[in-house]
Each structure stands twice: as structure tokens, then as C-alpha cells.
Amino acid sequence: MASTPSTLGAILDAAAQGHFPPPDGTTTVVPQPRHRDAGVIAFTAHSVVFTDEDPRWVHATLAALDCDPLAATMNPRFLAAFMERTGRATDTTDLMTVADALPGGPDPELGLREIDDPDHPRVARARKRRDEVRVWASDAGGVLVLGRGLTGRWETAIEVREDVRHRGLGRALALAARHLVPAGSHVWSQQSTGNARSVRAFQAAGYRPVGAEALFFAR
């Protein structure tokens, strides 16, 4: 059985290509890729905690939980302990999905136009967690965000106006992101597990579920 890579970037690159850590019920602790980003990724029967804290603290805290060991890294008590020890904050646990880049440009019927406005709410929000952020508005009533997130991977997010939902726009925007990243690369997206509409849209656009992710941000 193949061993788990020693850096988060290598683990994510392998997962994007369908190669996952061994499903052996263990937890791998690797360094943070940068000060901004720490957190937990849960794959099938294997978790990865990326932090600059002592790995012995991670393993001891997990072992002390009264829960299924396979679920320990995403247990609320571990996540709360992580926040308390690091002084960081988190929003939610997301489904982590990935898709390959596609050739050609986005569907012209979307009427995408890039927004070059650093004060736009979507731009300001995205820049807190991503680099090289670009934002497009669609004439159909949606917004597409693309930037460099965790370990420098391409990440996308979309918004659809409430009055134009249920027309396939979310799927079309998620698909457009695959045309906007460089050839040969991958694009990642996170969906809150309770946001069923977003989960359906990204999977309909060819994004593959690979794990769950909880990110912890420096306050």
C-alpha cells in the first residue's frame, strides 16, 4: 500500500488524480502550507491535519475523544479544541470537490464579464482566503469567483440570484470555471454539506467529491 505524501500540496495533488491516502483509519499530521491556512481534511478512513502545532497534541486529543475513531477529526469537540489551542476561527465543514480543466472558453450565452473592482463584496470576501482573485458577473444573474486557495490550488465559488434559480445557471457557472483555469490543471470547490443545491450543481458540472474539509483561519 502506498504511503501518504509528507506535504499537504502533494496529498491534494494526488487526490485530484484519484490517488488517496491509505484507508487505514489513521491520521496524518503535516505542516501548514502557510500561516493563513490550517485545518483538517477527512478522506475515506484517513484524515490529514495540517497545523504547525505539536503532532503529539493532535494525536493525544483525538485519542481522548469518546467517539468513532474514523470520525474523530471532524468531531465538534476536536474542532473546538483546535480553535482554542490555535486562536483560529472556522465557518463550517465543507464537501471538497475537484474537476479537471476543460479546453475552450465558457459558454458565450452566460454573458460573463470580468469585474475589476477591489471593493466589490465578492472580491473583498474572496481575497481574505485566496490569492490572484478574479470575479465574473453573468448577464443571466450569477457571479463566478476564481482564485488561488489552499496550497495554491485553483478554487472556484459561484452565486446565483434567487429569482433565476432552478434554470441550470449554477451548473453552467461551475462548468465555466473549468474552462477558465489553465490547461492541464484542476479546479477545486467547497460546498457546505447542507447546501444541497450547490452540491447538485457542482456534481452536475463534473466535480468529483474527494473528502470533507474544515479550514481554520487566523483571526
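Everything quoted here is computed from the prediction, not taken from an experiment. (Residues numbered from 1 in each chain as written. Predicted model: local features only at pLDDT ≥ 70, side-chain atom pairs only at ≥ 80, totals over all residues. Heavy atoms only, no water.)

Caption draft 1: Summary view of helix α5 (residues 169-180). Along its 12 residues, α5 runs 16 Å from first to last C-alpha, staying within 8% of the 16 Å computed at 1.5 Å per residue. When we look at burial in α5, the residues that qualify are Leu169, Gly170, Ala172, Leu173, Ala174, Ala176, Ala177 and Arg178. (Helix = DSSP H or I, 4+ residues; strand = E, 2+ residues; numbered from the N terminus. Expected span 1.5 Å × (residues − 1). Buried < 20%, exposed > 50% of the residue type's maximum accessible area, 1.4 Å probe, protein only.)

Caption draft 2: How the structure looks around helix α6 (residues 196-204). Restricting attention to buried positions, one finds in α6 the residues Ser198, Val199, Ala201 and Phe202. Along the axis of α6, the buried residues cluster in a sector spanning 165°; they form a single face. Opposite the packed face of α6, turned more than 90 degrees from it, sit the exposed residues Arg200 and Ala204. As for α6, its buried residues are in contact with β5 (93-100), β9 (154-160), α5 and β10 (186-192). The positive-phi residue at the C-terminal boundary of α6 is Gly206, with phi of around 95°. (Arc of directions from axis to C-beta. Contact = heavy atoms within 4.5 Å.)

Caption draft 3: Spatial organisation of the confidence of the model for the protein chain. Of the residues in the protein chain, 97% have a pLDDT of 70 or more, and the chain-wide mean is 93. The element-level mean pLDDT for the protein chain is lowest in helix α4 (residues 121-127), coming to 71, with β5 highest at 98. (pLDDT = per-residue confidence, 0-100.)

Caption draft 4: Structural view of the environment of Val145. Residue placement: Val145 occurs in strand β8 (residues 142-148). Taking the C-alpha atoms as reference points, Val145 and Asp131, separated by 14 residues in sequence, lie 11 Å from one another.

Caption draft 5: Structural context of the packing of helix α2 (residues 55-63) against helix α3 (residues 76-86). Close contact between α2 and α3 brings their axes to 10 Å; oriented N to C, the two are set at 145°. Handedness of the crossing formed by α2 with α3: right-handed. Side by side, α2 and α3 meet where Trp57, Val58, Thr61 and Leu62 of the first sit next to Phe78, Ala81, Phe82 and Arg85 of the second. Tallied by class, the residues present in the contact of α2 with α3 amount to 6 nonpolar, 1 polar and 1 charged. (Axes fitted to C-alpha atoms, helices over the stretch in contact; angles between N-to-C directions. Left-handed = near helix turned anticlockwise from the far one by under 90°. Nonpolar A, V, L, I, M, F, W, Y, C, P; charged D, E, K, R; others polar.)

Caption draft 6: The side chain of Arg88, seen in detail. The residue Arg88 is located in strand β4 (residues 88-89) in this model. The charged side chain of Arg88 is buried without a salt bridge, its nearest counter-charge being Asp37 at 6.3 Å. A polar contact of 2.3 Å, which involves the side chain of Arg88, links it to the backbone oxygen of His35. Every residue in contact with Arg88, bar those within four places of it in the chain, is listed here: Gln32, His35, Arg36, Asp37, Ala38, Met83, Phe216, Phe217, Ala218 and Arg219. (Lys, Arg positive; Asp, Glu negative; His and termini not counted. Salt bridge = Lys/Arg side-chain N within 4 Å of Asp/Glu carboxyl O. Polar contact = N/O pair within 3.5 Å; in protein donor to acceptor, adjacent residues only side chain to side chain.)

Caption draft 7: Structural view of the pattern of salt bridges. Under the counting rule described, the total for this entry stands at 16 salt bridges. Residues Asp37 and Arg36 are paired through a salt bridge, measuring 3.2 Å at the closest nitrogen-oxygen approach. Side by side, Asp37 and Arg36 carry an identical accessibility label, which is buried. Asp91 serves as the salt-bridge partner of Arg129, at 2.6 Å between the closest nitrogen and oxygen. Note that Arg129 is positioned in the loop between α4 and β7 (131-138) and Asp91 in the loop between β4 and β5, a separation of 38 residues in sequence. Accessibility expressed as a relative area gives 35% for Arg129, which makes it partly exposed. Residue classification places Asp91 among the exposed residues on the basis of a relative accessible area of 55%.

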